[in-house]
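Working through the structure, step by step
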Amino acid sequence: MPPITTTIDGVRVHAINCGFVQVKRSHRSPSLGAPIILLDPFWTEWLPIWVWVIEHPEGVIVIDTGENQRVTEPHYFDCGGADGWVTKHILRFRIQEQLEIGPQLKALGIPPDAVRWVVLTHLHIDHTDGLRYFPRAEILVSRNEYEQPYGSVPCTFPGWFNPRRIEGGYAHNQFGKAYPLTTDGRVIIVPTHGHSHGHQSVIFRGATVDLFFAGDTTFTEQQLLEHQVAGICIDKAAARRTLGAIRSYCQERPTIYLPTHDAQSAERLKNGRIVRTHLMTTLR
Ligand SMILES: [Zn+2]
């Protein structure tokens, strides 16, 4: 699938599909957690792995880095110990080299070396496995995520990986704090903990509509509307609070919600479809 591009307030934004992943059905839906998921024989359909690119005037921003083709090799996870073993058994991948973020950026006329910032929502493999294309970019991870990774496979990170660990920021109504990435204040990073200890999301604040690059806060927009926490997350209470914060944000500002694995994310971006807050079911 070719990248989908839209322009908001003069800024080009691209949705790039960097491969596909299957998870267990009990991983996507509310469930009893990791042991059940390992035993679950049922897989979801193939889900996209979206990488987002913002051609901001202060520099190109890449949000997450997708997968790489080597993940389909049988021994790719062998270096990862228990977390590698679990990852290998609860995820399946489909990707060819031309779908990796490097070649796709080049095809858009953006050399990876020209990327200024790479923001990682968290350190799961399908978000970090394109890092090798960005040795010259400034990479940002939350300090919590870096210091307490959950379910990540660090042996797959490039040897030079030494991201800026961000924390703090200005006080924010819904998220407690917000970290300004660009000096114009239009791109901010907010904590969205729960899926992992230091999960974070990126918001582009437009004149009439905001883009919420959600990472893995939910698999789909529908889960946000239903306030439904997925089957795997390190802290279910935090994940529920995070969904409450995002829902409240969407009620305050017209927002297009863009999870990494939602098959409809890019289409909503292209069509400018904001979260229909009147469809939100009551808090559970
Ligand atoms: Zn994840």
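What you see is a predicted model, and the numbers here were worked out from it, not measured in a lab. Throughout this description, residue numbers start from 1 for each chain and increase along the sequence as written. Only residues with pLDDT of at least 70 are given local features in this predicted model, and only at 80 or more are side-chain atom pairs given and counted; all residues enter the totals for whole chains, interfaces and linings. Based on all heavy atoms of the structure, the side-chain values leave hydrogens and waters out of the count.

**Description of the overall build of the chain**
The helix count covers DSSP runs of H or I at least four residues long, the strand count covers runs of E at least two residues long, and both are numbered beginning at the N terminus. Helix and strand content of the chain: 9 helices and 14 strands. As a reference, a globule follows 2.2 Å times the number of residues to the power 0.38, and the radius of gyration itself is taken over C-alpha atoms. Here the chain has a C-alpha radius of gyration of 17 Å; the compact-globule value for 284 residues is 19 Å, and the two agree. Projecting the C-alpha coordinates of the chain onto the three principal axes gives extents of approximately 45 × 45 × 35 Å. Taking all 284 residues of the chain together, 57% fall into the buried category. Contacts were defined at the residue level, with two residues in contact if any of their heavy atoms lie within 4.5 Å. Of the contacts formed within the chain by residues at least 6 apart in sequence, a portion of 66% connects residues at least 24 apart. Note on areas: Shrake-Rupley with a 1.4 Å probe; residue coverage comes only from the protein chains shown. As displayed, the chain offers around 11800 Å² of accessible surface, 52% of which is attributable to carbon and sulfur atoms. In this tally, Asp and Glu contribute negative charge and Lys and Arg positive charge; neither His nor the terminal groups of the chain are included. By convention, the point assigned to a charge is CZ for Arg, NZ for Lys, CD for Glu and CG for Asp. Between the averaged position of the 28 positive side-chain charges in the chain and that of its 28 negative side-chain charges there is a distance of 3 Å. Accessibility here uses a 1.4 Å probe with only protein chains present; expressed as a share of the type maximum, an area under 20% marks a residue as buried, one over 50% as exposed, and anything in between as partly exposed.

**Points about the UniProt feature "domain: Metallo-beta-lactamase" (unreviewed entry) in the chain**
UniProt positions are given in the numbering used here, feature names are shortened, and annotations may be inferred rather than shown by experiment. UniProt records the feature "domain: Metallo-beta-lactamase" (unreviewed entry) for residues 48-261 in the present numbering. Secondary structure across residues 48-261 divides into 22% helix and 29% strand, with the first and last C-alpha atoms of the span separated by 5 Å.

**Structural notes on the pairing of strand S7 (residues 138-142)**
With 4 of 5 residues buried, S7 is to be regarded as a mostly interior element. Note: two strands are recorded as paired if DSSP finds a minimum of 2 bridges between them. Bridge count between strand S6 (residues 115-119) and S7: 3 bridges; the pairing is parallel. Across the sheet, the residue bridging to tryptophan 117 is glutamate 138, located in S7. Bridging between S7 and strand S8 (residues 164-166) involves 3 bridges; their strand directions are parallel.

**Examining the side chain of serine 201**
Its location among the elements puts serine 201 in strand S12 (residues 200-205). Overall, the relative accessible area of 0% leaves serine 201 in the buried class. A polar atom in the side chain of serine 201 sits 2.9 Å from the side chain of threonine 192. Among the polar contacts made by the side chain of serine 201, one reaches the main-chain carbonyl oxygen of alanine 214 at a distance of 3.2 Å. Not counting residues up to four positions away in its chain, the partners in contact with serine 201 are Ile188, Ile189, Val190, Thr192, Phe212, Phe213, Ala214 and Thr217. Whenever a nitrogen or oxygen atom comes within 3.5 Å of another N or O atom, the pair is scored as a polar contact, on the condition that within protein one atom can donate a hydrogen and the other can accept it, and that pairs from neighbouring residues in sequence are kept only if both atoms are in side chains.

**Overview of the environment of isoleucine 232**
Of note, isoleucine 232 is situated in the loop between helix H7 (221-225) and helix H8 (236-252). Isoleucine 232 gets classed as buried once you look at its relative accessible area, which sits at 11%. Sequence separation of isoleucine 232 and isoleucine 37 is 195 residues, and the distance between their C-alpha atoms is 8.3 Å.

**Here's the deal with the packing of aromatic side chains**
Between rings of Phe, Tyr and Trp, where Trp is taken as its six-membered ring, a pair exists when centres lie within 6.5 Å; planes separated by under 30 degrees are stacked, by over 60 edge-to-face, and by other angles tilted. All told, the structure shown has 9 aromatic pairs when counted by the stated rule. Both rings, one in tryptophan 50 and one in tryptophan 52, keep their centres 6.0 Å apart while their planes meet at 35 degrees; by these two values the pair is tilted. This pair shows no difference in class: tryptophan 50 is buried, exactly as tryptophan 52 is. Grouped by ring-pair contacts, the aromatic residues Phe175, Phe212, Tyr249 and Tyr257 constitute a single cluster. The residue whose ring lies beneath lysine 24 is tryptophan 43, and the NZ or CZ to ring-centre distance is 5.1 Å. When the ring centre of phenylalanine 20 is taken as origin, the NZ or CZ atom of arginine 94, which lies over that ring, is 4.8 Å away. Whether a charge lies above a ring is judged from NZ of Lys or CZ of Arg, which has to be within 6 Å of the ring centre and within 35 degrees of the ring normal.

**Describing the state of the cysteines**
Disulfide assignment relies on a single distance test, namely cysteine sulfur atoms paired within 2.5 Å. Here the structure, examined in full by the defined rule, presents 1 disulfide. The disulfide partner of cysteine 79 is cysteine 155, and the gap between their sulfur atoms is 1.9 Å. Here cysteine 79 and cysteine 155 share a disulfide; its torsion about the S-S bond, 65 degrees, makes the bridge right-handed. Placement of the pair is cysteine 79 in the loop between strand S4 (59-63) and helix H3 (81-90) and cysteine 155 in the loop between helix H6 (143-147) and S8, with a sequence separation of 76 residues. The class for cysteine 79 is partly exposed, based on a relative accessible area of 46%.

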